[in-house]
Amino acid sequence: MRKHIVAGNWKMNNDLADTAGLITNLKKERNLGDAEVIIAPTFVNLYKAFESLSDSNIKVAAQNMHQEESGAFTGEISAKMLKGIGINTVILGHSERRAYFHETDELLAKKVNSALKNELRIIFCFGEELQDRKDEKHEDVVATQLENALFHLDKDAWSNIILAYEPVWAIGTGETASPEQAQEMHQFIRNTIASTYGQEVADGVSILYGGSVKPTNAKEIFNKKDVDGGLIGGAALNATDFFEIVNAFQQ
Ligand code: PEP
């Protein structure tokens, strides 16, 4: 059975005190189901979060990393450094990284290689823009993103890949893909993986949905056959909302 995962991307929110406060509240909540719970605080608070959650089942991920292991890259952080503080998971390819920091599929392929070399698990984000959907090109766009950034990997590497399908038009906008739209795309993504890597690999990959998931819509989205969890932005900043989403799996 595929793993259910709910990951909270805190983005550039929460200073040290806010991080401590939110973690205290998260630790009061209970995961009533089988979903793996991950939070991704900003780099500066990553180690503090990791330490504070060492006695809990909540895991900590980084929001990004540089593709090189070390060197003259002022302001950057490598996979090796993340691994060195105990982090095992990294988010790569978020649409905000693609849009504001010009991350291309080719660059992301390098980041993917560096993360895997350092035994990090990857939450790989991708998804079409509104115009792509209007032009009915969303499937092509998504297939190309996957091919460019991930399809050079060998079969075994896929055990460390979690996919997060995030239609850009649904991120932080309050507009969500309908459960049917999400299922349709998740199925397409699984079929695309199957056609390159075979059904066994495709069936083993957790595909998360991201884009304005809230306590009010999580259940109907997570109920869909090929949706294995969510990458949550805004609603991850409130412990009660976040765990309502986590627990949407088993209601
Ligand atoms: C995200 O940033 O990955 C995201 C899905 O954000 P939101 O839930 O706020 O749309």
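Before any of the text, the structure's been laid out above.
Residues numbered from 1 in each chain as written. Predicted model: local features only at pLDDT ≥ 70, side-chain atom pairs only at ≥ 80, totals over all residues. Heavy atoms only, no water.

Quick look at the nonpolar core
Threshold: Take the buried Ala, Val, Leu, Ile, Met, Phe, Trp, Tyr and Cys residues and link them wherever side-chain atoms come within 4.5 Å; each set so joined is a nonpolar core. Per-residue accessibility, obtained with a 1.4 Å probe over protein chains only, is compared with the maximum for each type, and a residue is labelled buried under 20%, exposed over 50%, and partly exposed between these values. Only DSSP runs of H or I reaching four residues or more are called helices, and only runs of E reaching two or more are called strands; each is numbered from the N terminus. Two residues qualify as a contact provided that any one of their heavy atoms is within 4.5 Å of a heavy atom in the partner residue.
Judged by nonpolar contacts, the single largest core of 68 residues is most densely connected at F124, L150, W158, L163, F222 and F242. When residues of this core are assigned to their parent elements, the largest contribution, six residues, is made by helix α8 (residues 179-197). For W158, the residues in contact, after removing those within four places along its chain, are L150, F151, L153, L163, I193, Y197, V201 and V205. Core analysis: the next-biggest nonpolar cluster, separate from the first, contains 12 residues, I5, A61, I123 and L208 among them.

Concerning the sheet that holds strand β1 (residues 5-9)
Inclusion rule: Here the rule is simple: two strands pair whenever DSSP picks up at least two bridges between them. All axes here are fitted lines through C-alpha atoms, helices being fitted over the stretch that makes contact, and every angle between N-to-C directions spans 0 to 180 degrees.
Overall, parallel pairing links the eight strands, which are arranged β1-β2-β3-β4-β5-β6-β7-β8 in a closed barrel. Strand-to-strand twist in this sheet, taken as the mean axis angle between neighbours without regard to direction, amounts to 25°. Across the sheet, α8 touches β5 (121-126), β6 (161-165) and β7 (207-210), and the angle it forms with β7 is around 145°.

Brief notes about the site of the ligand
Using the following cut-off: The cutoff for a nearby residue is simple: one of its non-hydrogen atoms must lie within 4 Å of the molecule or strand. Nitrogen and oxygen atoms within 3.5 Å of one another constitute a polar contact, given that in protein one can donate a hydrogen and the other can accept it, and given that sequence-neighbouring residues count only through two side-chain atoms. Basically, the charged four are Asp, Glu, Lys and Arg, the nonpolar ten are Ala, Val, Leu, Ile, Met, Phe, Trp, Tyr, Cys and Pro, and anything else, Gly included, counts as polar.
Around the ligand lies a shell of 14 residues, among which K11, H94, E166, G172 and S212 are the nearest. Interatomic distance of 2.5 Å between a side-chain N/O atom of K11 and an oxygen atom of the ligand. One of the backbone N or O atoms of G234 is found 2.9 Å from an oxygen atom in the ligand. Of the residues in the shell around the ligand, the class split is four nonpolar, eight polar and two charged.

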